[in-house]
Every structure is written in C-alpha cells, then in structure tokens.
Amino acid sequence: EAVQELFGGLFGTRDILARAAVEMATLKNPLIDAPTVGIVGEIYVRLDPFANDFLIEKLEARGIRVRFAPFIEWLEYTSFLAEKRLGEGRLRHDDRTPSILMTGLLQRATAQILYDICREQLEWGPRIRVTDTVRAARPYIDRELSGEACLSVGGPLHELHERLIQGVVLVGPHECMPHKISEAQLGAAGENMPVPCLAISVNGDPIDTEALDRFAYDIHEGHRRGLARNFGS
C-alpha cells in the first residue's frame, strides 16, 4: 500500500502540482518570441538571487527568457556517482548497496512522474537526465573529475544540442576552481559549435551590466538570424 500511495498519488503532491501547472500555463504568452539562455554554475550562487545580484531579473529585463538549472540535478548527480562506485566496485566506507540502489530508483521515478505532470500543461520537452549531462560533458571534463564542473559544462551543451537554449550564463564565486574549469571548457566547446557564453564571477559587488548588455545583444542578434537552428548539427 505504501508503494501504491507513493507512485499513485505521491502523498498528494501529484494533485497539487497538476493544479499549479494549469495555473502557470495560463501565464504563458504564445505571442512573445524571446531567446532563451541557460543559467548554470555553483549551486548556492546560482540559486540565491542576492548572491548573483538578481541575475535572472536582469536578463529578463533585457528581453531574454531564462532556463534555470534546477537544484535536483545535484541530487541526481550524487546518486549517479554512488551507482558508478557500486558498478566499479569502489565503494566508500559509508556506502550501503541497498540504499544506493533504492535512492537512485526512487529519485528517477519520482522526478519523471512529477516532470511529466508539468510537461503536459507547459509543453516542455523531454526531461534532461543526469546521464545526458554527463555524456555531453565527457569530451571536455575527464570522467574522473567529479563535481559541479561536469554539470555546468554538460548541462548547457546538451540543451544547446537539443535546441532548448541559445546561450549560456555561467555564474560562480570569484576564484572558484570548478567555475574556472567550466569557463575554460565551455570556451573549448565553442571551438566546435556555437556556444554564446557569459561567465560571471561574483564577489559581493554588483555584476557588470555592460557585459550583460553585450551578451544580450549577441543573443538577440543570434535569435534574429535563427542561430538556434544550427546547434543540433
């Protein structure tokens, strides 16, 4: 009965999310043709508006739609790493095989169920899985280098390939090593495919609005020329 309740009603979450998706769908304006960029980077700076100087609002004020890397990607990634250790026989002293297997299964199943509820109403594309992100990052991030750089590089590259975004904003703390690696490797990816990217290192000061203006101009110009259609090739 507990399993039926979990995957049937998700303890009431399914109904709440279904109603919320319907209400959010009414806010969409199909007449607005705006370019979309992805925001990725260090999890705290990315998620906290004050820490990133209200970056999303600044991009939206420049006529750009934002596709935000969700918090759950890190949870899925840590489960992926645990399953990878299990498969390779490199378990840590605190790893427990039943816990690893059950956590990964429940995470994937629950995320997919809830995503599909929103997808139907909001006309989203397929859910991006952590395996998609890791696969896209592999040419630029060594598989032995685990951490947020893999997500910050692989996530937007996969979204670019799927024509979900037209540019990337990478945000992270000043002098953060994963942030620097991500910036360098997104630049390397730009040698093989068009990757309009703006890297922002925050240190408590206001972000450079001139850099935002230049990036926004490039994104709008690319959108006008239909640049996103070329990403999948």
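Just above, that's the structure.
None of these values were measured; they are calculated from a predicted model.

Parameters at a glance
- Residues numbered from 1 in each chain as written.
- Predicted model: local features only at pLDDT ≥ 70, side-chain atom pairs only at ≥ 80, totals over all residues.
- Heavy atoms only, no water.
- Phe/Tyr/Trp six-rings, centres within 6.5 Å; stacked < 30°, edge-to-face > 60°.
- Helix = DSSP H or I, 4+ residues; strand = E, 2+ residues; numbered from the N terminus.
- Buried < 20%, exposed > 50% of the residue type's maximum accessible area, 1.4 Å probe, protein only.
- Disulfide = S-S within 2.5 Å.
- Axes fitted to C-alpha atoms, helices over the stretch in contact; angles between N-to-C directions.
- Parallel < 35°, antiparallel > 145°, perpendicular 65-115°, else oblique.
- Left-handed = near helix turned anticlockwise from the far one by under 90°.
- Contact = heavy atoms within 4.5 Å.
- Nonpolar A, V, L, I, M, F, W, Y, C, P; charged D, E, K, R; others polar.
- Lys, Arg positive; Asp, Glu negative; His and termini not counted.
- Salt bridge = Lys/Arg side-chain N within 4 Å of Asp/Glu carboxyl O.
- Polar contact = N/O pair within 3.5 Å; in protein donor to acceptor, adjacent residues only side chain to side chain.
- Patch = residues over 30% accessible without salt bridge, like charges linked within 9 Å, V, L, I, M, F, W, Y side chains within 5 Å.
- Areas by Shrake-Rupley, 256 points an atom, 1.4 Å probe, with all protein chains shown as cover.
- Core = buried A, V, L, I, M, F, W, Y, C linked by side-chain atoms within 4.5 Å.
- Pairing = 2+ DSSP bridges.
- Right-handed = clockwise from strand over helix to strand, strands pointing away.
- Expected span 1.5 Å × (residues − 1).

Caption draft 1: The arrangement of the packing of aromatic side chains in detail. Using the criterion set out here, one finds three aromatic pairs in the structure. Centroid distance Trp 74 to Tyr 77: 5.7 Å. Interplanar angle 50 degrees. Geometry classified as tilted. Remark: Tyr 77 and Trp 74 occur in helix H5 (residues 72-88); sequence separation between them is three residues, near one turn of the helix. The exposure class assigned to Trp 74 is partly exposed, which follows from its relative accessible area of 33%. Ring centres of Tyr 77 and Phe 80 lie 6.3 Å apart, and the angle between their planes is 15 degrees; on these two criteria the pair is classed as stacked.

Caption draft 2: Seen up close, the state of the cysteines. Scanning the entire structure with this criterion turns up zero disulfides. Unpaired in terms of disulfides, Cys 197 finds its nearest cysteine sulfur in Cys 176, a separation of 14 Å. What makes Cys 197 partly exposed here is its relative accessible area of 32%.

Caption draft 3: Expanded view of the packing of helix H2 (residues 13-25) against helix H6 (residues 97-122). Between H2 and H6, whose axes approach to 9 Å, the crossing angle comes to 25 degrees. By the angle between their axes, H2 is roughly parallel relative to H6. The way H2 lies across H6 gives a crossing that is right-handed. Across the interface between the two elements, Thr 13, Arg 14, Leu 17, Ala 18, Ala 21, Val 22, Met 24 and Ala 25 from H2 touch Ile 113, Leu 114, Ile 117, Cys 118, Gln 121 and Leu 122 from H6. A per-class count over the contact of H2 with H6 returns 11 nonpolar, two polar and one charged.

Caption draft 4: Quick look at unusual backbone geometry. A positive phi is found at Asp 53, a non-glycine position, where the angle reads about 55 degrees. Tracing the sequence through the fold places Asp 53 in the loop between helix H3 (43-47) and helix H4 (55-61). Even without being a glycine, Glu 123 presents a positive backbone phi close to 60 degrees. Its place among the elements puts Glu 123 in the loop between H6 and helix H7 (130-137). In this structure Glu 123 comes out as exposed when scored by relative accessible area, which is 67%.

Caption draft 5: How the structure looks around the side chain of Glu 42. Within the element layout of this structure, Glu 42 appears in the loop between strand E1 (36-41) and H3. One buried charged residue, Glu 42, forms no salt bridge at all, with the nearest opposite charge on Arg 46 at 7.5 Å. A distance of 2.7 Å separates a polar atom in the side chain of Glu 42 from the backbone nitrogen of Val 45. Beyond its immediate chain neighbours, meaning those up to four positions away, Glu 42 contacts Glu 148, Val 171, Gly 172 and Pro 173.

Caption draft 6: Seen up close, a nonpolar patch on the surface. Together, Leu 47, Phe 68, Phe 71, Ile 72, Trp 74 and Leu 75 line one region of the surface with nonpolar side chains, adding up to about 480 Å² of accessible area. At three residues, the largest contribution of residues to the nonpolar patch is made by H5. Assignment of secondary structure puts Leu 47 in helix H3.

Caption draft 7: Highlighting the nonpolar core. One finds Tyr 77, Leu 157, Leu 160, Val 168 and Val 195 to be the most contacted residues of the largest nonpolar core, which totals 24 residues. Among the elements of the structure, H5, H7, helix H8 (148-161), strand E3 (168-173) and helix H9 (177-189) are those that each provide at least two residues to this core. The element that contributes the greatest number of residues to this core is H8, accounting for six residues. Non-local contacts of Val 168, meaning those with residues more than four positions away in its chain, are made with Gly 38, Val 40, Pro 156, Leu 160, Leu 186, Val 195, Pro 196, Cys 197, Leu 198 and Phe 215. Core analysis: the second largest hydrophobic core is formed by 18 residues, Ile 39, Ile 64, Leu 212 and Ile 219 among them.

Caption draft 8: View of the pairing of E3. E3 sits mainly inside the fold: five of its six residues count as buried. In terms of strand pairing, E1 meets E3 through four bridges, oriented parallel. Bridging across to E3, Val 40 finds its partner in Leu 170. Both E3 and strand E4 (residues 197-202) contribute to a ladder of six bridges, which runs parallel. Among the inter-strand pairings, Leu 170 is bridged to a residue of E4, identified as Ala 199. As a crossover connection, the stretch from E3 through H9 into E4 is right-handed.

Caption draft 9: How the structure looks around H6. Taking 1.5 Å of rise per residue, 26 residues should cover 38 Å, and H6 covers 37 Å from first to last C-alpha, within 8% of that figure. Glu 123 lies just past H6 and shows a positive phi near 60 degrees.

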